[in-house]
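Next come the chains, spelled out residue by residue.
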Amino acid sequence: MHALTWQKSTYSPDGSNCVYVAATPTGQVHLRESDDPKVTLITTPPRLGALIRTLKAHPTPRTT
């Protein structure tokens, strides 16, 4: 298995609560949050795209 190259999302603010993304040569997309970097979600580009489109279409109020 190769090492992942993590990239911070451009929508993540500076400091904490950042989302990181890494792609693999097999087409998988890995996601993790700065609060718990040991937990990684794995998906595909089409499924990630569907999630992003859904979140944009149905935004929820932010809670802090």
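Residues numbered from 1 in each chain as written. Predicted model: local features only at pLDDT ≥ 70, side-chain atom pairs only at ≥ 80, totals over all residues. Heavy atoms only, no water.

Spatially, 4 strands are ordered E1-E2-E3-E4 in an open sheet, and the strand pairing comes out antiparallel. Looking at which strands have only one partner, the edges of the open sheet turn out to be strand E1 (7-8) and strand E4 (41-43). (Pairing = 2+ DSSP bridges. Helix = DSSP H or I, 4+ residues; strand = E, 2+ residues; numbered from the N terminus.)

On to the packing of aromatic side chains. Given two aromatic rings, their pairing is described by the distance between the two centres and the angle made by the two planes. In the structure shown here, the tally under the stated rule is 0 aromatic pairs. Above the face of the Trp6 ring, Arg32 is positioned so that its terminal group lies 4.2 Å from the ring centre. Lying across the ring of Tyr20, Arg32 places its NZ or CZ 5.5 Å from the centre. (Phe/Tyr/Trp six-rings, centres within 6.5 Å; stacked < 30°, edge-to-face > 60°. Lys NZ or Arg CZ within 6 Å of the ring centre and 35° of its normal.)

This next bit is on the pairing of strand E2 (residues 19-23). Looking at chain direction, E1 and E2 are connected through 2 bridges and run antiparallel. Looking at the pairing, Lys8 lines up with Tyr20 of E2. Both E2 and strand E3 (residues 29-33) contribute to a ladder of 5 bridges, which runs antiparallel. Paired with Ala23 across the two strands is Val29, which belongs to E3. Remark: 5 residues form the turn of the hairpin made by E2 and E3, two consecutive strands paired antiparallel; Gly27 in that turn has positive phi of roughly 100 degrees.

In short, shape yes, function no, at least from these values alone.
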